[in-house]
Amino acid sequence: MRPATLSQAAANDGRPAGVTAIAIIFLFASAYLLILSVVKLANPEAIPLSLGAPLLHGLEIYGPYMFLLAASVGLIVAFGLFGLRNLARRAAIAIAVAGMVMLLPKVSAAATDISASFFVAGSMVVVRMVIVWYLWQSWTAEKFS
């Protein structure tokens, strides 16, 4: 018999639904960066490097190979989270904290005129903060041991 939802499937595996959701976020981000890098390598003029800026925070200037590197790291972390590997949990926390730090200038710059860009940048910080908070909890960390 198949589980009806993703959270039920995660519960049956002993993996919390929040960990599954975070792993899926890492998968989607990695897939996005991978697609951008493949398109950019196939046709360098097809898309601008700035499309990777929301996830790479300035590292996109190093080109499509940085996109590939970031996508690879994201995939490794995602599959590690699916496998409840503690190192992947710590890496996800470190990546989310680094993302929050890198977003501070963007939030500060957008705060001068309360606009949509301020709320988008702020929400990206909040998502990363929730990821760190959730993975840092002792009841979540116990699942990884």
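Residues numbered from 1 in each chain as written. Predicted model: local features only at pLDDT ≥ 70, side-chain atom pairs only at ≥ 80, totals over all residues. Heavy atoms only, no water.

Visitor: Describe the packing of aromatic side chains, with residues and values.
Guide: Tallied over the entire structure, the rule returns 4 aromatic pairs. Between the aromatic rings of Phe-79 and Phe-82, the centroid separation amounts to 6.4 Å while the plane-to-plane angle is 45°, which identifies the pairing as tilted. Of the two residues, Phe-79 and Phe-82 both sit in helix 4 (residues 64-82), 3 residues apart, roughly one turn of that helix. Assessed through its relative accessible area of 23%, Phe-82 is described here as partly exposed. The rings of Trp-133, Tyr-134 and Trp-139 are connected pair by pair, giving a single aromatic cluster. Its end group placed over the ring of Phe-144, Arg-89 keeps NZ or CZ at 5.9 Å from the ring centre. (Phe/Tyr/Trp six-rings, centres within 6.5 Å; stacked < 30°, edge-to-face > 60°. Helix = DSSP H or I, 4+ residues; strand = E, 2+ residues; numbered from the N terminus. Buried < 20%, exposed > 50% of the residue type's maximum accessible area, 1.4 Å probe, protein only. Lys NZ or Arg CZ within 6 Å of the ring centre and 35° of its normal.)

Visitor: So what's going on with the nonpolar core? Which residues, and what values?
Guide: Of all hydrophobic cores here, the largest spans 23 residues; its most connected members are Val-19, Ile-22, Phe-26, Leu-81, Ala-92, Leu-135 and Phe-144. Those elements giving two or more residues to this core turn out to be helix 2 (17-42), helix 4, helix 5 (86-110) and helix 6 (116-136). If you look at the next biggest cluster of nonpolar residues, it comprises 6 residues, including Leu-33, Leu-36, Ile-47 and Leu-56. (Core = buried A, V, L, I, M, F, W, Y, C linked by side-chain atoms within 4.5 Å.)

Visitor: I'd like a description of the layout of surface pockets, backed by residues and values.
Guide: The computed volume of the largest pocket comes to approximately 680 Å³. Lining the largest pocket we find 24 residues, and of these Phe-26, Ala-29, Leu-55, Ile-95 and Arg-128 sit closest to its centre. Sorting the residues of the lining of the largest pocket by element identifies helix 2, helix 3 (53-56), helix 4, helix 5 and helix 6 as the ones contributing at least two each. Residues belonging to the lining of the largest pocket are distributed by class as follows: 19 nonpolar, 4 polar and 1 charged. (1 Å grid on protein atoms, 1.4 Å probe; cavity = no way out; pocket = protein on both sides within 12 Å on 5 of 7 lines; lining within 4 Å. Points joined across faces, edges and corners; volume = space filled by probe spheres on them. Nonpolar A, V, L, I, M, F, W, Y, C, P; charged D, E, K, R; others polar.)

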